[in-house]
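Working through the structure, step by step
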Amino acid sequence: MVTLTSVTAVEKFMEDHQFSFLYVSRTNCGVCHTILPQLKDLLKEFPLIHLGHINADHVEEIAGRLSVLTVPALILFVEGKEIIREARFVQMQSLHDKISKVYNMIVEKSD
């Protein structure tokens, strides 16, 4: 996981990786702190996905840039295009299924 501390860093992160997963949280968000370890475990199954973490308390302009209305926000980008977005109360199995479908389709297509 990479900590991203500016909008510029977020944009570069997305440019540098085919699969970019952004996790937007806030310091005092209990749900955020609970979901992050679950997300890290889930993403171990998808080695091409790179996880970037943004604390919206430190990068306030990220909410406007990514249209984040609530945290945590979990957003998967493929080649810079938003493909999956989940927020607040996330069903991890549902998220896994969505990621798996997209990931396998793209990885198989590139083989």
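As shown above, the structure is provided for reference.
Residues numbered from 1 in each chain as written. Predicted model: local features only at pLDDT ≥ 70, side-chain atom pairs only at ≥ 80, totals over all residues. Heavy atoms only, no water.

What follows deals with the overall build of the chain. Along the backbone of the chain there are four helices and five strands. Ordered by position from the N terminus, the helices and strands of the chain form the series β-α-β-α-β-α-β-β-α. A globule of 111 residues ought to have a C-alpha radius of gyration of about 13 Å, and the chain, at 13 Å, matches this closely. Projected onto its principal axes, the C-alpha coordinates of the chain cover approximately 40 × 30 × 20 Å. (Helix = DSSP H or I, 4+ residues; strand = E, 2+ residues; numbered from the N terminus. Rg over C-alpha atoms; globule rule 2.2 N^0.38 Å.)

Turning to the packing of aromatic side chains, a few remarks are in order. In this structure the tally under the stated criterion is two aromatic pairs. Ring pairs connect the aromatic residues Phe19, Phe46 and Tyr103, which therefore count as one cluster. (Phe/Tyr/Trp six-rings, centres within 6.5 Å; stacked < 30°, edge-to-face > 60°.)

Okay, the sheet that holds strand β4 (residues 73–78) next. The strands making up a sheet associate through hydrogen bonds between their backbones, and the pairing can be parallel or antiparallel. Across the sheet, five strands lie side by side as β1-β3-β2-β4-β5; this open sheet has mixed pairing. The outermost strands of the open sheet, each flanked by one partner alone, are β1 (2–3) and β5 (81–87). In this sheet, strand β3 (residues 49–55) lies alongside strand β2 (residues 19–25) in parallel orientation, the contact comprising seven bridges. Bridged to Leu22 within β3 is Gly52. Against the sheet, helix α1 (residues 7–16) touches β1, β2, β3 and β4, its axis set at about 155° to β2. Against the sheet, helix α2 (residues 30–43) engages β2, β3 and β4, with an angle of about 165° to β2. (Pairing = 2+ DSSP bridges. Contact = heavy atoms within 4.5 Å. Axes fitted to C-alpha atoms, helices over the stretch in contact; angles between N-to-C directions.)

The next thing to look at is the nonpolar core. Counting residues in each nonpolar core, the largest one holds 42 residues, and the members touching the most others are Phe21 and Ile99. When residues of this core are traced back to their parent elements, those giving at least two are α1, β2, α2, β3, α3 (62–66), β4 and α4 (92–110). (Core = buried A, V, L, I, M, F, W, Y, C linked by side-chain atoms within 4.5 Å. Buried < 20%, exposed > 50% of the residue type's maximum accessible area, 1.4 Å probe, protein only.)

With that out of the way, let us pick up the side chain of His53. Structurally, His53 is set in strand β3. Beyond its immediate sequence surroundings of up to four residues, His53 is in contact with Met1, Val2, Thr3, Leu4, Tyr23 and Ser25.

So, on to α1. Of the residues making up α1, those classed as buried are Val7, Val10, Phe13 and Met14. Buried residues of α1 fall within an arc of 120° about the axis and therefore sit on the same side. Within α1, the exposed residues directed more than 90 degrees away from the buried face are Thr8 and Glu15. (Arc of directions from axis to C-beta.)

A separate point is the pairing of β4. A large share of β4 lies buried, amounting to six of its six residues. Alignment of β2 against β4, held across six bridges, turns out to be antiparallel. Pairing of Leu22 across the sheet is with Ile75, part of β4. Across six bridges, β4 lies against β5 in antiparallel orientation.

This model, assessed by the stated rule, comprises six salt bridges. Ionic pairing is found between Asp16 and Lys12, a salt bridge with its closest N-O pair at 2.9 Å. With Asp16 and Lys12 both in helix α1 and four residues apart, this pair spans about one turn of that helix. In this structure, the salt-bridge partner of Arg85 is Glu82, at a minimum N-O distance of 2.8 Å. (Salt bridge = Lys/Arg side-chain N within 4 Å of Asp/Glu carboxyl O.)

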